[in-house]
Amino acid sequence: MQWEKLGKLFDPTQHAIADGCSLFAKAPQAIVLHDRVRIFYSAQKKTENGKYLSCPQYVDFTKSFDKILGLSQRQVIALGALGAFDEHGIFPMNVLRYEDKVLAYTSGWSRRVAVSIDMSIGFASSDNDGESFVKYGDGGPIMSASHNEPFLVGDPFVQYLNGQFHMWYIFGTSWNRFSGVGEPERCYKIAHAVSNDGIQWERNGRAIISDRLAEECQALPTILFKDGRFHMYFCYRGSHDFRTNTLNAYRLGYAFSDDMCNWNRDDSQAGLDVSPNAWDSDMLCYPHLFECDDAVYLLYNGNDFGKYGFGIARLISTEP
Amino acid sequence: MRAQWKKLGQVFDPAHHPNCPDWMVDFAQAPNVIVFDDYVRVFFCCRPAPDANRQFVSRFAYVDLDRVDLFRIIKIADRPLLPLGDLGTFDEFGTYPVSVCRDGSDLIAIYGGWTRCESVPFNISLGLARSTDDGNSFTKYGPGPVLSHSADEPFTITSPKIRRYGDIWYLAYTAGRRWIRCPDGRAEIIYKLRIATSPDLVNWTRLNRDLIVSKLGDDEAQACPDILFANGKYHMFYCYRHGLDFRTSKDKSYRIGYASSLDLIHWERDDARINLNPSETGWDSEMVAYPTVFELDGHTYMLYAGNGVGKTGFGIAVLEGGLV
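Treat the numbers as computed from the prediction; the structure is a model and nothing was measured.

As a further point, take the overall build of chain A. Check the secondary structure of chain A and you find zero helices and 19 strands. Against the compact-globule benchmark of 20 Å for 320 residues, chain A has a radius of gyration of 18 Å, which places it among compact chains. Referenced to the eigenvectors of the C-alpha coordinate spread, the extents of chain A come out at roughly 45 × 45 × 40 Å. In chain A, which comprises 320 residues, the proportion classed as buried is 48%. In chain A, once contacts between residues fewer than 6 apart in sequence are set aside, the share between residues at least 24 apart is 49%.

Have a look at this one:
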């Protein structure tokens, strides 16, 4: 895969973001409308106890990405009520156009005591191109911990392919204590689920991407079919000392498949790595593939998990 | 005709029993019964002493009662029947309540797993475990739950009662409807009776609606839907309470209710048909809760929890006349 980095696209600290969400623009994900590209992301605001809440917002760009056309006037989906799975944030939020709606698969965050958080996946839809979303049912999750996926079910990426909904997502495999680290750190892997209606999902608790590191964490898969095969990008990191040590921090991984089920991991083909002395010099994370006007793009975050925004790259070729 | 329940007295209270292990300091909550040839095995949940932060965990245990003298305890489980979950899992801080049912020569258990949360005190999901040694030990089906919060049931899923009728497993349980922040800062959960069915105990189809009307209004909390089939219909005994102030006010704490059904789906609530109320004094003077009803040697009995939702253990009542 050959990419051209187009640079940082959006820095939230340079704009007045609704609801006081001026920190971070994480996990950018795009839908293409007739005159613009609407990029959703999880903005963050600091709350009274010093912790952050992730609140989905969007920013509109021209299709050539040379100009911002507008910002969301409020967060596009509400956080959950007291005790709900998404009370403490929605991050990431996956969006896709389906029929005349925009569907959203949300990663809801709920704070725990023994460990920092749990995640489950929610579902919502929009009739107004993503200006606002209504949660499905009574607002609880459509996919949560199960007997063989015991916690941290999140990071959904959904596509409607060949008459069926497919979801790639992550589930937690362990919480670990490391010496010298106060809080337990989580480990999670990428898995695949299928559905006929986008709401009831079949899954099997099987990790589909081979590990490259010991105790590797794999996150936020994104998939695109191009030139005869399926291409997956995701991010991966070590299990601890990954926040400030660039050697353990997130990088982009790559895998390809002919059938969406069996994946061959080959990060050497990813074609995207950190750039020296740049906004993405220490970390690459939260990739999102999409097509616009016959070009393939990749949105992603750089240093500090997206504290200073996200960037974009354009695919030159699927050849190595 | 009103069913007449006659209290026979308190059966078991770990705090006042001489031979209880240190993980069974007090509480004997949510009793369930499996009848063996010579004894009646009563599964329940108990607690060790609280930790330094006054937080409890709940453990799963049994006592064996002499079949011909249900007040004679002949054995107490010598270790907890289920391990607590690993760091970050749904059952890290307790296994309560637990419902046990025969499955051929095995016993299966559906149990509430407890995790601790930041904004509310806990969340609960249901796990599955199996015993091949008459309930002396159980093995979990997996590290995670088989029934957890869902789109239509967004909060705690707990108070399981598992039954098998024909080839179908029926799981009656409670689903949290909302959390309420009390003036003192504590959050309390309002939950209602629900039911789900499964061919295999793992994949569940939920009815997604309340089984009975709420007579104390929207804030009535309902739990422990214990079902018994007798004389051509399904009888359900459960407990209910007010949503708030139930910890301090006798009038707002748990009472036992009754409903009946011909199909396990449509239930008619008729609490007037049960007359088991708190006593004037003693171990069940503030509340009666967590009933389980079973038939034994020509009689119909109920085990139930008393004050503190089982802090004082459980007692027994006998039905005079049959279930009609």
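Read on for the rest.
Helix and strand counts for chain B stand at one helix and 20 strands. On C-alpha atoms alone, chain B measures out to a radius of gyration of 18 Å, which is about the 20 Å that the 2.2 N^0.38 rule sets for 324 residues. Projecting the C-alpha coordinates of chain B onto the three principal axes gives extents of approximately 50 × 45 × 40 Å. When burial is assessed residue by residue, chain B has 49% of its 324 residues classed as buried. Partitioning the intrachain contacts of chain B with sequence separation of at least 6 by distance along the chain shows that 49% fall at a separation of at least 24.

Let us look at the nonpolar core. Ranked by size, the top nonpolar core spans 90 residues in total, and within it Val42(B), Phe44(B), Val98(B), Ala109(B), Cys239(B), Ala289(B) and Tyr304(B) carry the most contacts. Setting aside chain neighbours within four positions, we find Val98(B) in contact with Ala30(B), Asn32(B), Phe43(B), Cys45(B), Phe60(B), Ala109(B) and Tyr111(B).

This next bit is on the sheet that holds strand β4 (residues 52–61) of chain A. Residues and elements named next belong to chain A. The strand order across the open sheet formed by four strands is β2-β3-β4-β5, and the pairing between neighbours is antiparallel. With one partner strand each, in any of the chains shown, β2 (23–32) and β5 (68–71) form the two edges of the open sheet. Neighbouring strand axes in the sheet, compared pairwise and without regard to direction, differ in orientation by 30° on average. Bridge count between β4 and β5: three bridges; the pairing is antiparallel. What sits directly across from Phe61, in β5, is Ile68.

Next up on the list: the interface of chain B and chain A. Taken together, the contacts link 32 residues of chain B with 30 residues of chain A. Of all the secondary-structure elements, those providing two or more residues to the side of chain B that touches chain A are β7 (106–116), β8 (122–131) and β11 (168–181) of chain B. Per-class residue counts for the side of chain B that touches chain A are 15 nonpolar, ten polar and seven charged.

As a further point, take the pairing of β2(A). All names here are of chain A. Burial of β2 is extensive: eight of the ten residues sit out of reach of the surface. As paired elements, β2 and strand β3 (residues 37–46) share seven bridges and run antiparallel to each other. Across the sheet, the residue bridging to Ile31 is Arg38, located in β3. The hairpin turn running from β2 into β3, its antiparallel successor, is four residues long.

This brings us to the environment of Ser150(B). Locating Ser150(B) in the fold gives a position in the loop between β9 (139–140) and β10 (157–165). Separated by 20 residues in sequence, Ser150(B) and Arg130(B) have C-alpha atoms that sit 24 Å apart. Every residue in contact with Ser150(B), bar those within four places of it in the chain, is listed here: Gly140(A), Pro141(A) and Arg206(B).

Let us look at the sheet that holds strand β5 (residues 69–76) of chain B. Residue and element names in this part refer to chain B. Strand order in this open sheet of four strands is β2-β3-β4-β5, and the pairing throughout is antiparallel. Unpaired on one side and paired on the other, β2 (26–35) and β5 mark the two borders of the sheet. The average angle at which neighbouring strand axes cross in this sheet is 35°, direction not considered. In terms of strand pairing, strand β3 (residues 39–47) meets strand β4 (residues 59–66) through eight bridges, oriented antiparallel. Bridge assignment links Val40 to a residue of β4, and that residue is Leu65.

This brings us to the environment of Ala27(A). All names here are of chain A. Structurally, Ala27 can be placed in strand β2. By C-beta crowding, Ala27 is classed as buried, having 28 other C-beta atoms within 10 Å. C-alpha of Ala27 to C-alpha of Gly271: the two residues are 244 residues apart in sequence and 20 Å apart in space. Ignoring anything within four residues of it in the chain, the contact list for Ala27 reads Tyr41, Ser42, Phe91, Pro92, Leu220 and Tyr286.

On to the pairing of strand β16 (residues 255–261) of chain B, then. Residue and element names in this part refer to chain B. The buried count for β16 comes to five of seven residues, which makes it a mostly enclosed element. With seven bridges joining them, strand β15 (residues 233–241) and β16 adopt antiparallel strand pairing. Looking at the pairing, Tyr234 lines up with Ser261 of β16. By the bridge criterion, two bridges tie β16 to strand β17 (residues 268–269) in an arrangement that is antiparallel. Looking at the pairing, Ala259 lines up with Arg269 of β17.

Residues and elements named next belong to chain A. If you trace the backbone, Arg314 turns up in strand β19 (residues 310–317). In the structure, Arg314 is positioned 15 residues away from Leu299 in sequence and 9.1 Å away in space, judged by C-alpha atoms. Among all residues touching Arg314, those that are not within four sequence positions of it are Trp3, Glu4, Leu6, Ala295 and Tyr297.

So, how was this worked out
Residues numbered from 1 in each chain as written. Chains lettered and ligands numbered in written order. Predicted model: local features only at pLDDT ≥ 70, side-chain atom pairs only at ≥ 80, totals over all residues. Helix = DSSP H or I, 4+ residues; strand = E, 2+ residues; numbered from the N terminus. Rg over C-alpha atoms; globule rule 2.2 N^0.38 Å. Buried ≥ 20, exposed ≤ 12 C-beta atoms within 10 Å, placed from the backbone. Contact = placed C-beta atoms within 7 Å. Core = buried A, V, L, I, M, F, W, Y, C linked by C-beta atoms within 7 Å. Pairing = 2+ DSSP bridges. Axes fitted to C-alpha atoms, helices over the stretch in contact; angles between N-to-C directions. Nonpolar A, V, L, I, M, F, W, Y, C, P; charged D, E, K, R; others polar.

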